[in-house]
Amino acid sequence: MVDEADRELRNLTYTAFVELGRAPTADEVAGAAALDRTDVADGWRRLHDQHALVLDPTGSRIWMANPFSAVPTPHRVHADGRWWFGNCAWDAFGIGAALHSDGRVETVCPDCDDPIAVEVRGGLPDDEALLFHCLVAARQWFDDIGYT
Amino acid sequence: MNLFRSEEHIDRWLDGRAPGATIPVTTLVDLATRWSDDRLSPAWRPHTRDENQAILDEVGLTGEFWRLP
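About the cut-offs
- Residues numbered from 1 in each chain as written.
- Chains lettered and ligands numbered in written order.
- Predicted model: local features only at pLDDT ≥ 70, side-chain atom pairs only at ≥ 80, totals over all residues.
- Heavy atoms only, no water.
- Helix = DSSP H or I, 4+ residues; strand = E, 2+ residues; numbered from the N terminus.
- Rg over C-alpha atoms; globule rule 2.2 N^0.38 Å.
- Axes fitted to C-alpha atoms, helices over the stretch in contact; angles between N-to-C directions.
- Parallel < 35°, antiparallel > 145°, perpendicular 65-115°, else oblique.
- Left-handed = near helix turned anticlockwise from the far one by under 90°.
- Contact = heavy atoms within 4.5 Å.
- Nonpolar A, V, L, I, M, F, W, Y, C, P; charged D, E, K, R; others polar.

## What about the overall build of chain B?
Working step 1: Across its full length, chain B carries three helices and two strands.
Working step 2: Element order for chain B, N to C, with α for helix and β for strand: β-α-β-α-α.
Working step 3: Computed over the C-alpha atoms, the radius of gyration of chain B is 15 Å, more than 25% above the 11 Å expected from 2.2 N^0.38 for a compact globule of 69 residues.
Working step 4: Taken along the three principal axes of its C-alpha coordinates, chain B extends 45 × 25 × 15 Å.

What follows is the structure, encoded as structure tokens:
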């Protein structure tokens, strides 16, 4: 269960992510929220445990603020005037949705490494022949979210 | 969770591994839109398991593979 204080911390973190164009540090969020850095770190840990964001293996930095990735991935997105990284192809299309913006997804075919680019306008992709493959069944998505 | 140009590319990439599920990119865009369009809303609250399952169902992703725990 995410309580109101953690919900507000989560929203501040997401707002900072979009304003900065990258994941904020705990110090940056603490400054914006008038909290101690430790309070932010503790709140992030609770949000991680509730799958409301994902921390990196050190447990101290944002790794995923789904659909946004804090680290470079093969899934680049141009939306709302900026380039972003999605955690996977699914999240790549979620970035335009989150920003309420049309966008362009650029990735590579994991089989042949050929580039794939898709423009999404008004919720419609301009290449409808592409396929999405999800290897992991839904019941196991959070067993290892990095692998998923 | 990747995009591919065709089933042939997926089969080659799987290289003998058990396949998961393949869906058209149009379904993926619909799914991603419903899943993420509230992420930056000040009114955001966590989706419940049933709300997420309803999204999967609404875009036609039914069956055991798409059943959340």
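Next comes the rest of the account.
## As for the packing of helix α4 (residues 89-99) of chain A against helix α2 (residues 25-36) of chain B
Working step 1: For the pair α4(A) and α2(B), interaxial distance at closest approach is 8 Å and the crossing angle is 55°. Relative to α2(B), α4(A) is oriented oblique. For the element pair α4(A) and α2(B), the recorded crossing hand is right-handed. Contacts between α4(A) and α2(B) involve A:A89, A:W90, A:F93, A:G94, A:A97 and A:A98 from the first element and B:V25, B:L28, B:V29, B:L31, B:A32, B:T33, B:W35 and B:S36 from the second.
Working step 2: When the residues that make up the contact of α4(A) with α2(B) are grouped by side-chain class, the tally is 11 nonpolar, three polar and no charged.

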